[in-house]
Structures are given as structure tokens and as C-alpha cells.
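# Fold and contact review
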Amino acid sequence: MSVAEHVIHQSPLLYRVLREEGGGLVIEVVVGGVAMTAVRVRLTAEEAQAFGREGPAYSDRLARDIMARPSFGGRAYDAPG
């Protein structure tokens, strides 16, 4: 995590939501079976609004979707190690 990021939600479901320096939101999710790794997905404006309205209920659903499809339609990228 860079100095410019702030954790705004940490979940026991092995993900966290971060606010980037520019104000955007990123979800970082632990994925995999035998080989665990973390990926990040930058939230769209619509996803960020949904998180603002629903909070952890929304990010829980989003994290589960990412765990099921780790490439998340090509939007996922490796979390910094």
C-alpha cells in the first residue's frame, strides 16, 4: 500500500477497500486456492456510488464476484507486493 492510500474498510472475507490519493476507490481481494495472491480492481463511478450507499454489503458482493472470476473481465491487476 502506498503512502497515498488509506484503508477505508477491512473485511474478514480477505479483502479491503482503499481510497487512492486522487479520491478513487480500489478493492484489493485475496484470490486463489493453493497459490494465494491479491488482485486489485479500481471501482467505476457507479461502483463507488453503490459502495457509498450500501457500504460493506456492496463490497462483500463485489469481493465474492472477484474471487469467483479473478481477472474480473480484465479489470483486475496484481496488488503491489
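Described below are features of the structure shown in this document.

Cut-offs applied
- Residues numbered from 1 in each chain as written.
- Predicted model: local features only at pLDDT ≥ 70, side-chain atom pairs only at ≥ 80, totals over all residues.
- Heavy atoms only, no water.
- Core = buried A, V, L, I, M, F, W, Y, C linked by side-chain atoms within 4.5 Å.
- Buried < 20%, exposed > 50% of the residue type's maximum accessible area, 1.4 Å probe, protein only.
- Helix = DSSP H or I, 4+ residues; strand = E, 2+ residues; numbered from the N terminus.
- Contact = heavy atoms within 4.5 Å.
- Pairing = 2+ DSSP bridges.
- Axes fitted to C-alpha atoms, helices over the stretch in contact; angles between N-to-C directions.
- Parallel < 35°, antiparallel > 145°, perpendicular 65-115°, else oblique.
- Nonpolar A, V, L, I, M, F, W, Y, C, P; charged D, E, K, R; others polar.

## Considerations on the nonpolar core
Grouped together as the largest cluster of nonpolar side chains are 16 residues, with contacts concentrated most on Ile 27, Val 29, Leu 62 and Ile 66. Those elements giving two or more residues to this core turn out to be β2 (15-19), β3 (25-31), β4 (37-42), α1 (45-54) and α2 (56-68). Residue contacts for Ile 66: discarding those within four places in its chain leaves Ile 27, Val 29, Val 31, Val 39, Val 41 and Phe 72.

## What about the sheet that holds β3?
Judged by pairing direction, the sheet is antiparallel, and its 5 strands sit side by side in the order β1-β2-β3-β4-β5 without closing on themselves. The sheet is open, and its two edges are formed by β1 (6-11) and β5 (77-78), each paired on a single side. The sheet contact formed by β2 and β3 spans 5 bridges and is antiparallel. The residue bridging Leu 18 from the neighbouring strand is Val 26, located in β3. Where α2 meets the sheet, its contacts fall on β1, β2, β3 and β4, and the angle it forms with β3 comes to roughly 50°.

## Let's talk about unusual backbone geometry
Even without a glycine there, the phi angle at Leu 14 is positive, about 70°. Phi angles above zero are rare outside glycine, and Phe 72 is one such case at about 45°. Inspection of the secondary structure assignment puts Phe 72 in the loop between α2 and β5. Judged by its relative accessible area of 9%, Phe 72 is buried.

## Digging into the pairing of β4
One ladder, built from 6 bridges, connects β3 with β4; its direction is antiparallel. If you follow Val 30 over to β4, its bridge partner there is Ala 38. The turn joining β3 and β4, which pair antiparallel and follow one another in sequence, is formed by 5 residues; a positive phi near 110° is taken by Gly 32. One ladder, built from 2 bridges, connects β4 with β5; its direction is antiparallel. Directly across from Val 39, in β5, lies its bridge partner Asp 78.

## Considering the packing of α1 against α2
Remark: α1 packs on α2, axes separated minimally by 6 Å, with the N-to-C direction vectors making an angle of 135°. When the axes of α1 and α2 are compared, the pair comes out oblique. Across the interface between the two elements, Glu 47, Ala 50, Phe 51 and Glu 54 of α1 pack against Pro 56, Ala 57, Tyr 58, Ser 59, Arg 61 and Leu 62 of α2. Each residue belonging to the contact of α1 with α2 can be placed in one class, and the counts come to 6 nonpolar, 1 polar and 3 charged.

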